[in-house]
Every structure is written in C-alpha cells, then in structure tokens.
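For reference, the chains in residue letters:
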Amino acid sequence: MSGDGGERGTTARWVEKHRPLYLQATRHPFICGIKDGSVNISAFRRWLAQDYLFVREFIPFIASLLLKASKESDVDVVLGGIAALNDEISWFRKEASKWGISLNVVPQMANLEYCRFLQSLALPDVNYSVAMTALWAIETVYHESFSFCLEGGSKTPDELMEACCRWGNADFGQYCRTLRKIADRCLETSSGDVVSESEEIFICVLNFENDFWNMSLSEL
Ligand SMILES: Cc1ncc(CNC=O)c(N)n1
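Rules used throughout
- The residue count restarts for each chain, going from 1 along the sequence in the order it is written.
- Only residues with pLDDT of 70 or above have their local features reported here, since the model is predicted, and side-chain atom pairs are shown and tallied only from 80 upward, although totals for entire chains, interfaces and linings are computed over all residues.
- To obtain the side-chain values, all non-hydrogen atoms of the structure were included, while hydrogens and water were left out.
- Note on terminology: near, applied to a residue and a molecule or strand, indicates that one of the residue's heavy atoms is within 4 Å of it.
- Whenever a nitrogen or oxygen atom comes within 3.5 Å of another N or O atom, the pair is scored as a polar contact, on the condition that within protein one atom can donate a hydrogen and the other can accept it, and that pairs from neighbouring residues in sequence are kept only if both atoms are in side chains.
- Each accessible area is a Shrake-Rupley estimate made with a 1.4 Å probe; only the visible protein chains count as cover when residues are assessed.
- Secondary structure follows DSSP: runs of H or I at least 4 residues long count as helices, runs of E at least 2 residues long count as strands, and numbering of each begins at the N terminus.
- Only Asp, Glu, Lys and Arg are considered charged in this grouping, and only Ala, Val, Leu, Ile, Met, Phe, Trp, Tyr, Cys and Pro are considered nonpolar; every other residue, Gly among them, is considered polar.
- Residue exposure (1.4 Å probe, protein chains only): buried if accessible area is under 20% of the type maximum, exposed if over 50%, otherwise partly exposed.
- In what follows, a contact means two residues having at least one pair of non-hydrogen atoms within 4.5 Å.
- By salt bridge we mean one thing: a side-chain nitrogen of Lys or Arg within 4 Å of a carboxyl oxygen of Asp or Glu.
- UniProt positions are given in the numbering used here, feature names are shortened, and annotations may be inferred rather than shown by experiment.
- Working definition: rings of Phe, Tyr and Trp (its six-membered ring) pair if their centres are within 6.5 Å, and the pair is stacked with planes under 30 degrees apart, edge-to-face with planes over 60 apart, and tilted otherwise.
- To get an axis, a line is fitted to the C-alpha atoms, and for a helix only the part in contact is used. The angle between two axes follows their N-to-C directions and goes from 0 to 180 degrees.
- Left-handed describes a crossing whose near helix is turned anticlockwise from the far helix through less than a right angle; right-handed describes the clockwise counterpart.

Asks: Describe the site of the ligand, with residues and values.
Replies: Close to the ligand lie Asp 51, Phe 54, Val 55, Phe 58, Glu 88, Tyr 114, Ile 138, Glu 139, Tyr 142, Trp 167, Glu 209 and Phe 212, which account for all nearby residues. The contact in question runs from an oxygen atom of the ligand to an N or O atom on the side chain of Glu 88, over 2.4 Å. At 3.2 Å from an oxygen atom of the ligand is found a side-chain nitrogen or oxygen belonging to Trp 167. Taken by itself the ligand offers 310 Å² of open surface, and the protein chains cover 100% of this. Contributing elements (two or more residues each) for the shell around the ligand: helix H4 (41–68), helix H7 (128–148) and helix H10 (192–217). For the shell around the ligand, the leading source of residues is H4, giving 4 residues. Residue composition of the shell around the ligand, grouped by class: 8 nonpolar, no polar and 4 charged.

Asks: Summarise the side chain of His 18; cite the residues concerned and give the values.
Replies: Here His 18 is to be found in the loop between helix H1 (10–17) and helix H2 (19–26). A residue is classified by how much of its surface remains accessible, and His 18, at 14% relative accessible area, is buried. Apart from the residues lying within four places of it in its own chain, the contact partners of His 18 are Glu 199, Phe 202 and Ile 203.

Asks: For helix H3 (residues 29–36), give the residues involved together with the corresponding values.
Replies: Of the residues making up H3, those classed as buried are Phe 30, Ile 31, Gly 33, Ile 34 and Lys 35. Its buried side turned inward, H3 meets H2, H4, H7, helix H8 (161–168) and H10. The first or second residue beyond H3 is Gly 37, which carries a positive phi of 80°.

Asks: Could you give an account of the pattern of salt bridges, naming the residues involved and the relevant values?
Replies: Within this structure, the stated rule accounts for 7 salt bridges. Here Arg 166 ties to Asp 87 by a salt bridge, and the two come within 3.1 Å at their closest N and O atoms. Of the two residues, Arg 166 is situated in helix H8 and Asp 87 in helix H5 (residues 72–99); the sequence distance between them amounts to 79 residues. Where Glu 162 meets Lys 94, a salt bridge forms, and the shortest distance between an N and an O atom there is 3.3 Å. You can see Glu 162 sitting in helix H8 and its partner Lys 94 sitting in helix H5, a full 68 residues away along the chain.

Asks: Outline the UniProt feature "domain: Thiaminase-2/PQQC" (unreviewed entry) in the chain, listing residues and values.
Replies: The UniProt record marks residues 17–217 with the feature "domain: Thiaminase-2/PQQC" (unreviewed entry), using the residue numbering of this structure. Segment residues 17–217 splits into 80% helix and 0% strand. End C-alpha atoms: 27 Å apart.

Asks: Just give me the short version of the UniProt feature "binding site: substrate" (unreviewed entry) in the chain, but keep the residues and values in it.
Replies: UniProt's entry tags Asp 51, Glu 88 and Glu 139 with the feature "binding site: substrate" (unreviewed entry), counted in the numbering of this structure. These residues run over 89 residues, yet every pair of their C-alpha atoms falls within 13.2 Å of each other. Tracing the sequence through the fold places Asp 51 in helix H4. Relative accessible area serves as the criterion here: at 2%, Asp 51 is assigned to the buried category. Beyond its immediate sequence surroundings of up to four residues, Asp 51 is in contact with Phe 92, Tyr 142, Trp 167 and Phe 212. Within the secondary structure, Glu 88 is located in helix H5. Excluding residues that lie within four positions of it along the chain, Glu 88 makes contacts with Val 55, Arg 166 and Trp 167.

Asks: Any chance you could break down the packing of aromatic side chains for me, citing the residues and the numbers?
Replies: All chains considered together, the criterion is met by 28 aromatic pairs. Residues Phe 172 and Tyr 175 carry aromatic rings whose centres are separated by 5.6 Å and whose planes lie at 50° to one another, so their mutual orientation is tilted. Pair noted here: Phe 172 and Tyr 175 are both in helix H9 (residues 170–188), with a separation of 3 residues, about one helical turn. When its relative accessible area of 11% is taken as the criterion, Phe 172 is described as buried. In this structure Tyr 175 comes out as buried when scored by relative accessible area, which is 15%.

Asks: Can you lay out the packing of H2 against H10 for me, pointing to particular residues and giving the numbers?
Replies: Two elements in contact, H2 and H10, have axes whose closest approach is 8 Å; the angle formed by their N-to-C orientations is 35°. Every pair of crossing elements has a handedness; the one defined by H2 and H10 is left-handed. Listed contacts from H10 to Leu 21, Tyr 22, Gln 24 and Ala 25 of H2 are Phe 202, Ile 203, Leu 206, Asn 207, Glu 209, Asn 210 and Trp 213. Broken down by class, the residue content of the contact of H2 with H10 amounts to 7 nonpolar, 3 polar and 1 charged.

Shown next, in the form of structure tokens:
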C-alpha cells in the first residue's frame, strides 16, 4: 500500500506533533456524546443550524482553491469537493425541516470568527499550499470526528446516524486522504516560510474546530 500512509508526509508529522490539539478537535465531548448516545439534542440542533451557515461560507473558500489549482488532477479533486457541497446544502435543508429547525439563525461568535478566517484564506494572494493545508485539515477533522461515532460499540442515536455517515463514510475518508497527498506534495516543494505558515494554519483550524464544538455544546 505504498503512498497510502506508507511514507510519512509533513501533515502526518504535524498530526503527531500537535496530538493533544488534534484530539481536542476530533474527540471533543460533543462528538463523544454522539458516540455514547448521551448528547443533548438541543446541542445537535444548535450545531446543525450553525454548521449550515459555516458551509455557506465554505463554498467561496473551496472555490478559491479551484482557481488556484493548476494540476489537472487537483482541479478534479477540488471540483469533486464542490459537487459534494451541493448535495450537502440540500441535506442541511432536509435535515433542518425534519427537526423543525430554522436555518435563518444568527451566527455565533465562534462561527463568525471561523468564517472570517475562511474568508482571509480565500484571498487571491494566499499561497496554494497554505490554503490546501487548511482544506485538508477542515475536512479531516470532520471525518475523524464522525467516523469515530460509527466505530463498533458506538451507541450513536439512530436519528444522528445520517449526519455521522455524511462525513464519517469511507468515500469521504478517501477524499481526505487524497487531500492529504495533495497537501504533502505541495508542502514538499514549498519554501520554509510557506511550510511554517501552513503549520500555523493547521493549528488555527484545530482551534477553530474545537471552539465550534464548544459553541454547539453551550446554551447561549
Ligand atoms: C465547522 C465545520 N468544519 C468542517 C466541516 C466539513 N466540511 C464541509 O462540510 C463542516 N461542515 N463544518
């Protein structure tokens, strides 16, 4: 299985180096609560409405990566990500109506700050390696979090399974591994400054994701 985790790339080293922060983002109490069935449904409802707003802001960010990608295979991967978001937006609307949730809500502070960060990364002068590192990290946190809720022995409530499968499924996992390979390839030929900046961005993503879960857990 060469190329599939065989040789360790830069991103794998960062995951190891920043393990506590990585676990904070991917094994958060909100996620652990889904996995053991103890989650407060009002927290899930809060997360759903806020995440819809986040995903709306995620679209221009990923579109900016489409503009920056020059390698044909990268364009295909990013385009696939955009196509998946089209389906995801429909899913949020369907899920919201199932739960009787309004998606017309005010973004909370943690969400606003994360969205502002996405907007700054979508600017034309942001380096492709930096932005690609962010995309890999953002998608991977969701995959690692929700696939954890699908592992054997999980007591994930039936009505939350769709959300967990959306980001926890094997195809999304493959998409994340493809993003990791692209990021690693980019970082390999990047300057030291760009590599440092990318590592900083990785850390920022982990912190923003942790704040996002915290926001979902906290009653206003
Ligand atoms: C806060 C956050 N982080 C990552 C994702 C996953 N990417 C697109 O759906 C998400 N939906 N929300």
